[in-house]
Every structure is written in C-alpha cells, then in structure tokens.
Amino acid sequence: MNRPPHTASRRRFLAGLTAGSAAILPVGAPSTARADTPDGMDEGVCVLTPQSIEGPFYSDPKLVRADIADGRDGVPLRLRLRVVDAGPCTPLPGARVDVWHCDARGLYSGYPGQGDGGSIDTTGQTFLRGTQNTDEQGHVTFRTIYPGWYAGRATHIHVKAFIEDRIMLTGQIYFPDALNEFIYTNVPAYGDRKADRFVINATDGIAAGEDPQRRAFCAVKEERDCYLATLTLGVDRQANGRREAPGRPPFGAGPPPPPSGLGQHAPSTRKDRVLALVPGLRTRPSR
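First, a word on scope: everything that follows refers to the structure included in this document. (Residues numbered from 1 in each chain as written. Predicted model: local features only at pLDDT ≥ 70, side-chain atom pairs only at ≥ 80, totals over all residues. Heavy atoms only, no water.)

1. Concerning the overall build of the protein
Of regular secondary structure, the protein possesses four helices and 10 strands. N-terminal to C-terminal, the α/β element order of the protein is α-β-β-β-β-β-β-β-α-α-β-β-β-α. Within the protein, the fraction of its 287 residues that count as buried is 51%. Carbon and sulfur atoms make up 53% of the accessible area of the protein, which totals about 12600 Å². (Helix = DSSP H or I, 4+ residues; strand = E, 2+ residues; numbered from the N terminus. Buried < 20%, exposed > 50% of the residue type's maximum accessible area, 1.4 Å probe, protein only. Areas by Shrake-Rupley, 256 points an atom, 1.4 Å probe, with all protein chains shown as cover.)

Structure representation (structure tokens):
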C-alpha cells in the first residue's frame, strides 16, 4: 500500500478528530483507553468491561489470524485490545480473544439474510472474523476495516474473551459518532445504501442497557496508513464464567451521555485525510 505523506493539513485533521472524539465520551466516565501513551493504551486502567449480548451472527471459523479483512472494501483499521484482570490490575497472557463485525455494507460473513433487503447470503464466508491469543502484556492486534452499520444498531465490533474454556467477556466496542458520520458520508464503500441510518450511540437500545460509566468506547487515532482503535478489556479472572459450547475448543488457552445529534460534516481537510488512507478512493458526487 502506498503510504500518503504527512502534511500540515493532515496534522490539523488529526487534531480536530482527537478533539471531536473526546467530546463524544461520557463526561466523567473512566477512560478504558487513551491515546496519551506510545501505543495508545492506558496501562493504569483496570475496570470491568460491561457484558453485552452476543447477537445473532457469532460463529467460530477457527481462524487464528491477525488480518481478518479478507479483502473487503473499506477504510483500514488496526484494532489493538488489551485484556487485564480488573481485580489485581494485571495483564492476562494467553487469553483467547475473538472479534467479528459487519463490513462497509453492513454484511456479516457466514449467514443468509444479509444486506438492507435481506437478500444476500454469505454462508461459507469468513470475512471480518478471527481469533488471537494475548501476548505477555495481554495485547492482541487485528488488521481489519472500519466497521459499517446496519439497521437498528450503532457502529460496533463484537468481542469475546476466554480463559481456557471459560467465556469471561461477551462485549461490544463502540466508535465515535462524529467519525462514523464522516466516513459513511464521504467514503464510497460505505455509501449509497437503500436504508437510512438513524441509530447512533445515544439511541442504540443495546448500548443504552450498559452501565454508561463503563461503556466500551474505543479511542481512535490516525496512523500513517490506517486508523488505530484501542481499548482495554477488564475481566474478573476469579469469576466462574460460562463454559464454551461443546465442539468449540479454545485456541491455545494458557497463561455526560453522548450527544444526541450526528457529528457535523467535516471540512475538506478531513475528507482529504481520510480518503488518503485508501489509495484511489474518491468521494461520492454531490447531490
């Protein structure tokens, strides 16, 4: 991939994005990941990540891999997660982490009835799904694309964390509304949908059921050729957890509320910066 050069306008865009993202986080909420450390991880955060529903589209294709994009169109995203034991505030090496999410058009792999009209069958496909085991510091990193949206939900990525055969966390990771709106408005891979997007973080029924002080908002910053999303996942290692279903053995187990409105349309310098992440991308013509 050709890497775009750093320019003054790109730096201004990053500064604006950082400010906008911070404004979306609930006031007073403990930050589960901040971009003020070299890798974007806040080593001092150890709070329990709220449990959420698994949703209808989980599957375990048994793919231990870092790159889960499978060639799907979209803005490149590096998802860096850290799993910690929230009690003693220590990293959990060897924990299994599963992630899965929809593509730029709102499609999940592996299931029929996908798409705005429910007419697309992705059975047998495995895009945007994968598993890794945490390193000695509790980290895993996935290379993927920025998630799209589908009717009734805000932008999110699903995650599961396992210790041995115990499911310690089933959660959902949320993204800044302002960045969601900008990408969906300006990047063609996400646009020209039959359906309209009405649900954002503040109006998502599943997110609303979580503790607003611990809701799993990731921190997002820009790297040279992708966005970097980071989050620390806090689990209780002493909890019993739920046993994984038979036939799905774990891989390598071992050691103030968000704003109610959508973000304002970004200036042209933001557009140039996002589109530069994907060589050859052009914005949709103005209507």
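2. Brief notes about unusual backbone geometry
The phi angle at Lys62 is positive, at roughly 55 degrees, despite the residue not being glycine. Relative to the elements of secondary structure, Lys62 occurs in the loop between helix H1 (8-24) and strand E1 (76-85). Accessibility expressed as a relative area gives 40% for Lys62, which makes it partly exposed. A positive phi angle, close to 55 degrees, is found at Asp70, a residue other than glycine.

3. Some details on helix H2 (residues 177-186)
Buried residues dominate H2, accounting for eight of its 10 residues. For H2, the set of buried residues is Asp177, Leu179, Asn180, Glu181, Phe182, Ile183, Tyr184 and Asn186.

4. Quick look at the pairing of strand E7 (residues 166-174)
When a strand is regular, its side chains alternate between the sheet's two faces. The element E7 is largely enclosed, with a buried count of nine among its nine residues. Pairing between strand E6 (residues 156-163) and E7: eight bridges, direction antiparallel. By the bridge assignment for E7, Val159 is matched with Gly171. Alignment of E7 against strand E10 (residues 242-243), held across two bridges, turns out to be antiparallel. Paired with Arg166 across the two strands is Arg243, which belongs to E10. (Pairing = 2+ DSSP bridges.)

5. Regarding the sheet that holds strand E3 (residues 96-100)
Read from one edge to the other, the open sheet built from five strands follows the order E4-E3-E6-E7-E10, with strand pairing classed as antiparallel. Edge strands, defined here as strands with exactly one partner in the open sheet, are strand E4 (129-133) and E10. Inspection of the sheet shows E3 paired to E6 by five bridges, in the antiparallel sense. Directly across from Arg96, in E6, lies its bridge partner Phe162.

6. A few points about the state of the cysteines
With the rule as written, the count across this model stands at one disulfide. The residue that forms a disulfide with Cys46 is Cys89, at a sulfur-sulfur distance of 2.0 Å. Here Cys46 and Cys89 share a disulfide; its torsion about the S-S bond, 80 degrees, makes the bridge right-handed. Here Cys46, found in the loop between H1 and E1, pairs with Cys89, found in the loop between E1 and strand E2 (90-91); they are 43 residues apart in sequence, far enough to count as distant. (Disulfide = S-S within 2.5 Å.)

7. Brief notes about the packing of aromatic side chains
Under the defined criterion, the tally for this structure stands at eight aromatic pairs. When the ring of Phe57 is compared with that of Tyr111, the centres are 5.2 Å apart and the planes differ by 65 degrees; the resulting orientation is edge-to-face. Taken as a pair, Phe57 in the loop between H1 and E1 and Tyr111 in the loop between E3 and E4 lie far apart in primary sequence, 54 residues in all. On the basis of relative accessible area, Tyr111 is assigned to the partly exposed category, the value being 21%. Three or more aromatic residues joined by ring pairs make a cluster, and in this case those are Phe57, Tyr108, Tyr111 and Tyr150. Here Arg72 stacks its cationic end above the ring of Phe127, 3.7 Å away from the centre of that ring. If you follow Lys160 out to its NZ or CZ, it ends over the ring of Tyr58, 5.0 Å from the centre. (Phe/Tyr/Trp six-rings, centres within 6.5 Å; stacked < 30°, edge-to-face > 60°. Lys NZ or Arg CZ within 6 Å of the ring centre and 35° of its normal.)

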